[in-house]
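# Topology and contacts: notes
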Amino acid sequence: MSSAMCLRLRRWVSPFKKLQLHHNNLLHPFSYYTTIENNKPNQQPLPPPIQVSLTESTGRGVFATRRIGVGDLIHTAKPLVSHPTYSSLHNVCYFCLKKLSNKAQTIQFCSNECREQAKDFYSVEERVDWSAYDEYCRKQGLKYPLLVKRLACMVASGAASAECLDILQPARLSTEMILKMENEFSLLKSCLMNTDVKDEEMAFLTKQWYIGVLARIRINSFRVELAGGLYEDLFLSAVASVDAEASVGNAVYMLPSFYNHDCDPNIHIVWIENVNARLKALRDIEQGEELRICYIDASLDQNARQTILFEGFGFRCSCSRCVYGD
Ligand SMILES: [Zn+2]
Ligand SMILES: [Zn+2]
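I will try to describe carefully the structure that is included in this document. (Residues numbered from 1 in each chain as written. Chains lettered and ligands numbered in written order. Predicted model: local features only at pLDDT ≥ 70, side-chain atom pairs only at ≥ 80, totals over all residues.)

## Topic: the overall build of the protein
On a plain count of helices and strands, the protein comes out with eight helices and eleven strands. Looking at the protein as a whole, 32% of its 326 residues are labelled buried. Considering only contacts in the protein between residues 6 or more positions apart, those separated by 24 or more positions represent 68%. (Helix = DSSP H or I, 4+ residues; strand = E, 2+ residues; numbered from the N terminus. Buried ≥ 20, exposed ≤ 12 C-beta atoms within 10 Å, placed from the backbone. Contact = placed C-beta atoms within 7 Å.)

## So, the sheet that holds strand β9 (residues 267–271)
Reading across the sheet, the three strands line up as β4-β10-β9 and stay open at both edges, with antiparallel pairing between neighbours. In the strand order of this sheet, the two ends are held by β4 (73–77) and β9, each with one partner. Here the average twist between neighbouring strands, direction ignored, is 25°. (Pairing = 2+ DSSP bridges. Axes fitted to C-alpha atoms, helices over the stretch in contact; angles between N-to-C directions.)

## Re the packing of helix α5 (residues 175–193) against helix α6 (residues 207–220)
If you want to describe how two helices pack, look at the angle between their axes and the distance between the axes. Close contact between α5 and α6 brings their axes to 9 Å; oriented N to C, the two are set at 120°. Comparing their axes, α6 and α5 come out oblique. Classified by chirality, the crossing of α6 by α5 is right-handed. Where α5 approaches α6, its residues Ile178, Met181, Glu182, Phe185 and Leu188 are matched on the opposing element by Lys207, Tyr210, Ile211 and Leu214. (Parallel < 35°, antiparallel > 145°, perpendicular 65-115°, else oblique. Left-handed = near helix turned anticlockwise from the far one by under 90°.)

## Digging into unusual backbone geometry
The backbone phi angle of leucine 97 is positive, close to 65°, even though this residue is not glycine. Note on placement: leucine 97 falls in the loop between β5 (81–84) and α2 (112–125).

## Overview of the sheet that holds β5
Strand order in this open sheet of three strands is β5-β7-β6, and the pairing throughout is antiparallel. Each of the sheet's edge strands pairs with one partner strand only, and the pair in question is β5 and β6 (221–225). Neighbour-to-neighbour, the strand axes of the sheet open up by a mean angle of 25°, direction not taken into account. As paired elements, β5 and strand β7 (residues 247–252) share four bridges and run antiparallel to each other. If you follow valine 81 over to β7, its bridge partner there is valine 252. Sitting on the sheet, helix α4 (residues 144–157) is in contact with β5, β6 and β7, with an inclination near 125° to β5.

## A look at helix α7 (residues 302–313)
An α-helix turns once every 3.6 residues. As a result, residues three or four positions apart point the same way. With twelve residues, α7 should cover 16 Å at 1.5 Å per step; its first-to-last C-alpha distance of 16 Å lies within 8% of that length. Glycine 314 occupies a position one or two residues after α7 and carries a positive phi of about 80°. (Expected span 1.5 Å × (residues − 1).)

## Details of the nonpolar core
Counting residues in hydrophobic clusters, the biggest one holds 66 residues, and the most contacted among them are Val148, Leu151 and Tyr253. Counting residues per element, this core draws most heavily on α4, at ten residues. The contact partners of tyrosine 253, leaving out residues within four places of it in the chain, are Ala77, Pro79, Leu80, Phe222 and Ala277. Listed in part, the five residues of the second largest apolar core include Cys294, Tyr295, Leu309 and Cys317. (Core = buried A, V, L, I, M, F, W, Y, C linked by C-beta atoms within 7 Å.)

## A closer look at the environment of arginine 321
If you trace the backbone, arginine 321 turns up in helix α8 (residues 320–323). On the basis of neighbour counts, which here come to 16 C-beta atoms within 10 Å, the residue arginine 321 falls in the partly exposed class. C-alpha of arginine 321 to C-alpha of aspartate 264: the two residues are 57 residues apart in sequence and 6.7 Å apart in space. Residues within four places of arginine 321 in sequence aside, it is in contact with Cys263, Asp264 and Asp326.

Set out below in structure tokens:
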């Protein structure tokens, strides 16, 4: 994580924590500090046309502060933490997940800029023998522990705060899940302990930290699927048309995690060439309307959607599609 990102994060966390403490049951909007890209040179970036509010029914949600037109780019978002999938490990940039033309035997970066941004966490990661942890995750087909591993290296190197995901909603965990996580934690800890990483750099790494982070990653991480092609082609598509092959990694973001779910969403998230997400309007949105994304494959039938949402995200969907039995 860049230092600019850390700064943004700190500004984010504090107003929300205050709100949670004092306005827990109130509808109370607050402003945020993310900006959208502005193509005109020498101009200040524009704030995106949204605000995050607390609602009585769904907790927090994201609402339009003005009318947004179909196809509009609402904002972009850089990840708090991201990691390539095992299968993409050697053919995407290890930092931004951009596809690379040459497949190497080692990890690669697409540019000096990415190498520089990865420098801190990578300097810790390089000093550790991860084979036991990696082998376990590969065998079990686990992807989220890779994000925890990267975050641990980011925190140990000072590139991120140990609390940087605290603002996100954690998943409810069963005893069985917790036991599994405790195993992973022991493996991660033993990998890190067998190195010259200093004890004080590792003080954050407790079982509670590991489980808390993983519980948040479980329901807030996005599967990054590069749409490729022309940006303009994606303006009106209901769902970014990508196949499973296009999945290059997983990532956790701040603002995109605040959007609630709808099986008939009015916005979607697309990735064009790397892990930086773009949130785009799928139809015209009026001022004050809530912006919602679809967490799952919207083409599934109602029963399948309800099951996945309940088991994966812990809620029963009551969007208009589900209410009308679509
Ligand atoms: Zn890159
Ligand atoms: Zn629904």
